[in-house]
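Structure at a glance
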Amino acid sequence: MKKAKRVLFVCIGNSCRSQMAEAFARAYGRDVIKPSSAGVYPATIIAPDTKRAMAEKNLDLKGQHPKNVDEMELSKFDLIVDMSGGYLEGLKKTPVEVWDVPDPIALDYDEHCKVRDRIELLVKQLIRELGAGKPFARVFSIGL
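Below you will find a few notes about this structure.

The rules behind each value
Residues numbered from 1 in each chain as written. Predicted model: local features only at pLDDT ≥ 70, side-chain atom pairs only at ≥ 80, totals over all residues. Heavy atoms only, no water. Helix = DSSP H or I, 4+ residues; strand = E, 2+ residues; numbered from the N terminus. Buried < 20%, exposed > 50% of the residue type's maximum accessible area, 1.4 Å probe, protein only. Contact = heavy atoms within 4.5 Å. Areas by Shrake-Rupley, 256 points an atom, 1.4 Å probe, with all protein chains shown as cover. Right-handed = clockwise from strand over helix to strand, strands pointing away. Core = buried A, V, L, I, M, F, W, Y, C linked by side-chain atoms within 4.5 Å. Expected span 1.5 Å × (residues − 1). Polar contact = N/O pair within 3.5 Å; in protein donor to acceptor, adjacent residues only side chain to side chain. Axes fitted to C-alpha atoms, helices over the stretch in contact; angles between N-to-C directions. Parallel < 35°, antiparallel > 145°, perpendicular 65-115°, else oblique. Left-handed = near helix turned anticlockwise from the far one by under 90°. Nonpolar A, V, L, I, M, F, W, Y, C, P; charged D, E, K, R; others polar.

**Remarks on the overall build of the protein chain**
The number of helices and strands found in the protein chain is three helices and five strands. Taken from N to C terminus, the helices and strands of the protein chain fall in the order β-α-β-α-β-β-α-β. Across the 144 residues that make up the protein chain, the buried fraction comes to 49%. Put simply, 76% of the contacts in the protein chain that link residues at least 6 apart link residues at least 24 apart. Summing over all exposed atoms, the protein chain offers an accessible surface of approximately 7,500 Å²; the carbon and sulfur share of this is 51%.

**Observations concerning the pairing of strand β2 (residues 33-39)**
The buried fraction of β2 is high, at six of seven residues. Where the polypeptide runs from strand β1 (residues 5-11) across helix α1 (residues 17-28) and back to β2, its parallel neighbour, the crossover connection is right-handed.

**Some points on the nonpolar core**
Among the nonpolar cores identified, the biggest contains 26 residues, and Phe-9, Ile-33, Met-83, Trp-99, Ile-119, Val-123 and Leu-126 are the most heavily contacted of them. With seven residues, the single largest contributor to this core is helix α3 (residues 109-131). By size, the runner-up hydrophobic cluster in this structure holds eleven residues, among which are Val-10, Met-72, Phe-77 and Val-96.

**Comments concerning α3**
In this model, α3 (23 residues) spans 33 Å end to end at C-alpha, consistent with the 33 Å of a helix rising 1.5 Å per residue. Burial in α3 covers these residues: Tyr-109, His-112, Cys-113, Val-115, Arg-116, Ile-119, Glu-120, Leu-122, Val-123, Leu-126, Ile-127 and Leu-130. A distance of 3.2 Å separates the backbone nitrogen of Asp-110 from a side-chain oxygen at the start of α3, and that oxygen is part of Asp-108. Phi turns positive, to about 80°, at Gly-133, one or two residues after α3.

**What about the packing of helix α2 (residues 48-55) against α3?**
Two measures define how a pair of helices packs: the angle their axes make with one another and the distance between the axes. Their axes nearest at 10 Å, the elements α2 and α3 cross at an angle of 60°. When the axes of α2 and α3 are compared, the pair comes out oblique. Crossing handedness for the pair α2 and α3: right-handed. Across the interface between the two elements, Asp-49, Thr-50, Arg-52, Ala-53 and Met-54 of α2 pack against Tyr-109, His-112, Cys-113 and Arg-116 of α3. Residue composition of the contact of α2 with α3, grouped by class: four nonpolar, two polar and three charged.

This is how it looks when you write it as structure tokens:
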């Protein structure tokens, strides 16, 4: 059996996007992915709309909380998924995949859910690729 890849999902506040990605990865990809999440400028809480949107998918964010990317040992990850707008593209050792996903923190709830659904699809795609043994590119982007 292949070893699960350690993946760090990063966004600005670790309050919405990266928390969603971590939860979806835990729910759908346990056998291929060991997810974590962090923020470039972490918030103090997970956004209430994020909790509500994830609850609609039967995913509880209990036990998750915002963390600072500076506290993470980035070299221990096999891949970093950057949704922060490119703050991490300059890393030299760990491959970075950039997801161009809007920050839903100030969006209305319906738009927040559209971002959630996009992240769910991207996480599922990543899980399929990791499960197939796809090699990481140095840096690549997936737009909306």
